[in-house]
Amino acid sequence: MSCLPLLAAALAAAERGWPVIPLRPNGKRPAGHAEEHCPGNGRCADGHKTPEQRATTSPELIHAAWAHQPYNVGIATGPAGLLVIDLDPAKPEEPEGAPDGATSLAALCERTGQVLPATYRVRTARGEHLYFAAPAGVRLKCSANRLGPHIDTRAWGGYVVAPGSTTPNGIYEVAHDAPVALLPEWLAALLAEPARPAPVAPVQPRDCTRAAQVALERECAVIAAAGEGGPDGRNNTLYKSACKVARFVAWGDLPREVAEQAIQGAGEATGLPPAECRTTIRSAMDWVIAHATPRNAA
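None of these values were measured; they are calculated from a predicted model.

*Asks:* Can you tell me about the side chain of arginine 146, naming the residues and giving the values?
*Replies:* Following the sequence through the fold, arginine 146 ends up in the loop between β6 (143-144) and β7 (151-154). Relative accessible area serves as the criterion here: at 3%, arginine 146 is assigned to the buried category. Only 3.1 Å separates the side chain of arginine 146 from the backbone oxygen of alanine 192, close enough to count as a polar contact.

In structure tokens:
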């Protein structure tokens, strides 16, 4: 592939004030050495430089980097002053009808009574990137599934693949060339680091079976122990555990409001925003109750 289109893409991003980094040709990982293989000389003489630290808007450095290799283009979102919402599809192994990122975001907007402003959008190889200007005075970090299933965000500590880049899964291209809108305050609040409340112990209602009570207590403990991100991160764990408990709700062994209250408390104890917990729990409950297998067939 010619270097010229990718050079042009890198320069176009830099002209917007978005620092760029070279990514591996036809890939999404940064070019250059990893920290564990840092030689400790040259640009790393004073310590390993992360891709975020190496990002630049200098036309001279960009020309030099893309002169001989068709590197894909990465945008360092934090230094660029961006918060990018990354919407991905549901995974093949998930149950049929599981929400993708776009569906989860629409559900979040509906439940919060909010509307997203028009903004710059990029069609990715598998989904879509929504670009927003990060609010002043707030250093938002990347997140995974915090806003809902298959919704990630890229800010400080991360980067996004810029339009003009190509991977084996497809091309990244501008879907809506609008001005970049300011991140809405309600989304910024959901993404800000909250204080971690004390865990809430599940209630033990009289009208639930022993099996349902044990399952609820077990899944609340699983949620409370979840980490920040990845496949076993807080939001993914919240969704999976809510699905497991929802079977007992569907079978009439556990009142829905009791299950939701207990799981909500466990989710908030991990630091997840209350609105995000409610959205994820209701999505899981609604899906399982609508598709639950009868008890004698489970």
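*Asks:* Describe the environment of alanine 98, and please don't skip the residues or the numbers.
*Replies:* Tracing the backbone through its elements, the reader meets alanine 98 in the loop between β3 (82-87) and α5 (101-112). In sequence terms alanine 98 and serine 283 are 185 residues apart; their C-alpha atoms lie 8.9 Å from each other. Residues within four places of alanine 98 in sequence aside, it is in contact with Ala90 and Trp287.

*Asks:* Residue-level account of the pairing of strand β2 (residues 72-76), with values.
*Replies:* Side-chain positions along a regular strand alternate between the two faces of the sheet. For β2, a buried count of five out of five residues is recorded, marking the element as mostly surrounded by other parts of the structure. A two-sided burial pattern is seen for β2, the buried positions comprising Asn72, Gly74 and Ala76 on one face and Val73 and Ile75 on the other. In this structure, strand β1 (residues 20-23) lies alongside β2, joined through four bridges in antiparallel fashion. Directly across from valine 20, in β2, lies its bridge partner isoleucine 75.

*Asks:* Before we move on, can you summarise the sheet that holds strand β8 (residues 159-161) with the specific residues and values?
*Replies:* Spatially, β1-β2-β8 is the arrangement adopted by the three strands of the open sheet, whose pairing is antiparallel. Of all strands in the sheet, those bounded by a partner on one side alone are β1 and β8. If you compare each strand with its neighbour and ignore which way they point, the axes differ by 35° on average. The sheet contacts of helix α1 (residues 4-15) involve β1 and β2, and relative to β2 the element is tilted by about 15°.

*Asks:* So, α5: which residues are in play, and what are the values?
*Replies:* Count 3.6 residues to each turn of an α-helix, and residues three or four apart come out pointing the same way. The end-to-end C-alpha distance of α5 is 16 Å, a good match for the 16 Å that 12 residues give at a rise of 1.5 Å each. By the burial criterion, the buried members of α5 are Gly101, Ser104, Leu105, Leu108 and Cys109. One side of α5 holds all its buried residues, which, seen down the axis, span an arc of 135°. Buried residues along α5 sit against β3, β5 (128-133), β7, α6 (185-191) and α10 (274-291). Of the residues trailing α5, glycine 113 is marked for its positive phi of about 70°.

*Asks:* Tell me about the pattern of salt bridges, and name the residues and values.
*Replies:* In this structure the tally under the stated criterion is nine salt bridges. In this structure, arginine 154 and aspartate 152 form a salt bridge, with 3.9 Å as the shortest nitrogen-oxygen distance. Across the pair arginine 218 and glutamate 219 runs a salt bridge whose closest N-O atoms are separated by 3.4 Å. Arginine 218 sits in the partly exposed class, given a relative accessible area of 45%.

*Asks:* Lay out the nonpolar core with the relevant residues and their values.
*Replies:* Ranked by size, the top nonpolar core spans 29 residues in total, and within it Trp18, Val20, Ile62, Trp66, Val73, Ile75 and Tyr131 carry the most contacts. Where this core is concerned, the elements lending two or more residues are α1, β1, β2, β3 and β8. The element that contributes the greatest number of residues to this core is α1, accounting for seven residues. Beyond its immediate chain neighbours, meaning those up to four positions away, tryptophan 66 contacts Cys3, Leu6, Leu7, Ala10, Val20, Ile21, Pro22, Tyr71, Asn72 and Val73.

*Asks:* Any details on the packing of aromatic side chains? Residues and values, ideally.
*Replies:* Aromatic rings in a pair are described by how distant their centres are and how their planes are angled relative to each other. With the rule as written, the count across this model stands at five aromatic pairs. Residues tryptophan 18 and tyrosine 120 carry aromatic rings whose centres are separated by 5.8 Å and whose planes lie at 65° to one another, so their mutual orientation is edge-to-face. On the criterion of sequence distance, the pair formed by tryptophan 18 in the loop between α1 and β1 and tyrosine 120 in the loop between α5 and β4 (121-123) is long-range, its members being 102 residues apart. A centroid spacing of 5.4 Å and a plane angle of 35° characterise the contact between tryptophan 18 and tyrosine 131, whose relative ring orientation is tilted. Here tryptophan 18, found in the loop between α1 and β1, pairs with tyrosine 131, found in strand β5; they are 113 residues apart in sequence, far enough to count as distant. In textbook terms, an aromatic cluster arises when at least three aromatic residues are bridged by ring pairs, as seen for Trp18, Tyr120 and Tyr131. Just above the ring of tyrosine 120 sits the side chain of arginine 16; from NZ or CZ to the centre is 4.6 Å. Here arginine 139 stacks its cationic end above the ring of tryptophan 156, 3.7 Å away from the centre of that ring.

Rules used in this analysis
Residues numbered from 1 in each chain as written. Predicted model: local features only at pLDDT ≥ 70, side-chain atom pairs only at ≥ 80, totals over all residues. Heavy atoms only, no water. Helix = DSSP H or I, 4+ residues; strand = E, 2+ residues; numbered from the N terminus. Buried < 20%, exposed > 50% of the residue type's maximum accessible area, 1.4 Å probe, protein only. Polar contact = N/O pair within 3.5 Å; in protein donor to acceptor, adjacent residues only side chain to side chain. Contact = heavy atoms within 4.5 Å. Pairing = 2+ DSSP bridges. Axes fitted to C-alpha atoms, helices over the stretch in contact; angles between N-to-C directions. Expected span 1.5 Å × (residues − 1). Arc of directions from axis to C-beta. Salt bridge = Lys/Arg side-chain N within 4 Å of Asp/Glu carboxyl O. Core = buried A, V, L, I, M, F, W, Y, C linked by side-chain atoms within 4.5 Å. Phe/Tyr/Trp six-rings, centres within 6.5 Å; stacked < 30°, edge-to-face > 60°. Lys NZ or Arg CZ within 6 Å of the ring centre and 35° of its normal.

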